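# Observations on chain architecture
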Amino acid sequence: MSRGGRHVYGALSVLAAGALVLTGCSKGGSDSGTNDKKDQQDAKRQQVSIKFGDAADSTGPAAAVPGAKSGGALEVLQRDSYAHLDPAQIYVSDEGSLATLLFRGLTGYKATSNDGSKHEVVGDLATDSGTTTDGGKTWKYTLKDGIKFQDGSPITSADVRHSVERLFAPFINQGPAYLQQWLADAPGAKYRKLLPDGPYKGKHLPNSILETPDAKTVIFHFKTPHPDLPYALAMAGYAVVSQKGDTKEKYDRAPVTTGPYKIQSFKSGKSMVLVRNTNWDPKTDPIRHQYLNQLNFTFNQQFETSTKALLADSGPDRSGVSFNNQVDAGNLSQVLRDPKMKSRTVSGYQPYVGQMNINLSHPAMQDKTVREAIAYALPITPFVRAFGGTDAMEVAGGVISPTVSGYDAAFDPWGKKKNPAGDPAKARALLKKAGKLGTKLTFGYQNTPEGQQYSTAMAAGLAKAGFNVQRQEVPAETYYDQVSKLNNTYDIFHTAWGADWPSASTVIPPLYDGRGIADGAQNYAQLNDPKVNSEIDRISKIADPVKSAAEWEKLDQYIVKDEIAVVPTAYYKQTQIAGSKVGGLVYDDVIGGVDPRRLFIK
């Protein structure tokens, strides 16, 4: 998933992670707080497979949070407003965090420890995580009793069918596509041919694909086995939408919720207020809590602003937190070393890998020498420094995270781990030899203090190599919407991606399958390489997870070193703080940050 403006991931699988060490003399931030041993432990912990729970595991209510109290209002300080509230359009982590309070799907991730480190996939609206008797070609779900939408109407299999069928409609273009591709048995964006207009013109998926024989039963039929379906259905993008309340495009601003909270008001770019959903029944929900009376969101709070407010710990900010803002670079070292802040601080290793995309739809970027020069010249130091140095991230070699099976710590084709400042001299020599000095690069960047800082310094490094760099500001709230447009004007732009569940199959195919190039899709570089496409098909059929992990890593290296579609930048960590009156504060590995479902006011 995209690190929005980030993406929430589901789970990550087995193999040993390599050491995460930023070496070399040119680094951003202080090294004194870097804990390589803890980083490795965090990465290895996230590699443990997450089991599928049975009916007993799927029974509510959720286990009580120690010391929790009901009542009070939580102040939520957020940098970015929400571009999408329709769950089918949610595929960035900021919106994913919010979705944990608003929406429910057939399955979900239940924390089985109080520190956010252990989980299982359970039935959420369904009675269990799903049953299959043929290796994953057929999956059956039974809906729980007493589940309702916020308006009090019951959630039935007709709503589930509608929620699945509307995913094929043209206006749904920002969310995940796994389920659609599996149902259509088609790669990339070809799945849309199965039901081009969704359910809105009276057509429906046949029972041979999606069966709803009664109000409580949902059966998925796939042509090939998909044993990962419970992971996929736990994503926010597959939460249930009200058939009666579906307003198509307008649903993106005013959805009908199923979780413990509903939206009282939303002023894009300014504020949001969530209040209790009185038709949410905790007895049906093994995952969430409803301790808070209200959540008050304030947007446009930059990392430095929210950090200073929460550090000051006065007035309403004593009951304040941010779901996604991290501690800013200037205060990170102080926060991590202050023993008084320990009880109000959470940190964790995230699954996200940053990458500078090279837009292959632009003629100038189709020259491999130009791409190679970008790869050598691009300095990573400014990016790492902008977010707090090695306390905040490590320089990356490939696009597969250290938390994912198959990760190769030795892979570093452009020498970034040894020299994160880049090699502009080598890049300049390449451009000069090819007669490409002065090649124009339009550099799209997020209009945040961090984006401003790293893009300015990165542009300067590319200019040293002989590029004519023009920076172009992109609003943070709609950043991923803008860079995922096929006709965007950016030659290079930065994104970050995290695996959606235990496999690099949720990294390479969504990002680099050329058959998936479309407006709103995640092939940001618009790479359409026959070898990559065929390898995706081949590796996807490998049943052995260890063998497939090794093959995904080989393909990762081909994309980064030979195709040069992207230049990996960094592996992410996250440190967040809260006010002194906020209870239930933990860093959740699956969410990749603060777990909103546990929070209460002391």
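What you see is a predicted model, and the numbers here were worked out from it, not measured in a lab. Note on numbering: residues in each chain are counted from 1, in written sequence order. pLDDT decides what is reported in this predicted model: residues at 70 or higher carry local features, side-chain atom pairs at 80 or more are listed and counted, and totals for whole chains, interfaces and linings draw on all residues regardless. Side-chain figures throughout are based on the complete set of non-hydrogen atoms in the structure, without hydrogens or water.

## Quick word on the nonpolar core
In this text, buried Ala, Val, Leu, Ile, Met, Phe, Trp, Tyr and Cys residues form a nonpolar core when linked through side-chain atoms within 4.5 Å. Only protein chains enter the accessibility calculation, which uses a 1.4 Å probe; a residue whose area is less than 20% of its type maximum is buried, one above 50% is exposed, and one in between is partly exposed. Core analysis: the largest hydrophobic core is formed by 132 residues, its most contacted members being L179, F220, I374 and F467. Beyond its immediate sequence surroundings of up to four residues, L179 is in contact with V164, L167, F220, F222, L229, L233 and Y238. If you look at the next biggest cluster of nonpolar residues, it comprises 29 residues, including L74, A99, M272 and V594. Whether two residues are in contact is decided by their heavy atoms: any pair within 4.5 Å suffices.

## Here's the deal with the sheet that holds strand β2 (residues 73-77)
What holds strands together in a sheet is hydrogen bonding between their backbones, with the strands either parallel or antiparallel. Judged by pairing direction, the sheet is mixed, and its five strands sit side by side in the order β8-β9-β10-β2-β11 without closing on themselves. Every interior strand has two partners, whereas the edge strands, β8 (261-267) and β11 (320-321), have only one. When DSSP finds two or more bridges between a pair of strands, those strands are recorded as paired. The helix count covers DSSP runs of H or I at least four residues long, the strand count covers runs of E at least two residues long, and both are numbered beginning at the N terminus. Across five bridges, the pairing between β2 and strand β10 (residues 294-298) is parallel. Opposite L74, over in β10, you have L295 as the bridge partner.

## Examining the confidence of the model for the protein chain
One confidence number per residue, pLDDT, is output by the predictor and ranges from 0 to 100. The predicted model of the protein chain has a mean per-residue pLDDT of 91, with 92% of residues at 70 or higher. A low-confidence stretch, residues 5-34 (pLDDT under 50), is modelled with 138 contacts involving residues beyond four sequence positions or located in other chains.

## Structural notes on helix α14 (residues 530-540)
Looking only at α14, the buried set comprises V532, N533, I536 and I539. All buried residues of α14 lie within an arc of 140 degrees about the axis, which places them on one face of the element. One side-chain oxygen at the N-terminal end of α14 lies 3.1 Å from the backbone nitrogen of K531; it belongs to D529. Comment: arc refers to directions from the helix axis out to C-beta atoms. A 3.5 Å cut-off defines polar contacts: any pair of N or O atoms within that distance qualifies, except that in protein one atom must be a possible hydrogen donor and the other a possible acceptor, and neighbouring residues in sequence count only when both atoms are side-chain atoms.

## Thoughts on the sheet that holds strand β1 (residues 51-52)
Taking strand neighbours across the sheet as the criterion, the three strands line up as β1-β4-β3 in an open arrangement whose pairing is mixed. With one partner strand each, in any of the chains shown, β1 and β3 (107-111) form the two edges of the open sheet. Where β3 and strand β4 (residues 119-123) come together, five bridges link them in antiparallel fashion. What sits directly across from A111, in β4, is H119.

## Brief notes about the pattern of salt bridges
Where side chains of opposite charge bring their charged atoms close, a pairing between them can arise. A pairing counts as a salt bridge when a side-chain nitrogen of Lys or Arg comes within 4 Å of a carboxyl oxygen of Asp or Glu. Inspection of every chain in the model, using the stated rule, returns 27 salt bridges. Note that R166 and D246 form a salt bridge whose closest N and O atoms lie 3.2 Å from each other. Here R166 is found in the loop between α3 (157-165) and α4 (178-184), whereas its partner D246 is found in the loop between α5 (229-233) and β8, with 80 residues between them in sequence. Take R166 and D246: they sit in the same class, and that class is buried. Where D537 meets R515, a salt bridge forms, and the shortest distance between an N and an O atom there is 2.7 Å. Of this pair, D537 sits in helix α14 while R515 is found in the loop between α13 (508-512) and α14, placing the two residues 22 residues apart along the sequence. Residue D537 is classed as partly exposed on the basis of its relative accessible area, which comes to 30%. If you follow the salt bridges from partner to partner, you end up with K51, D57, K110 and E120 in one network.

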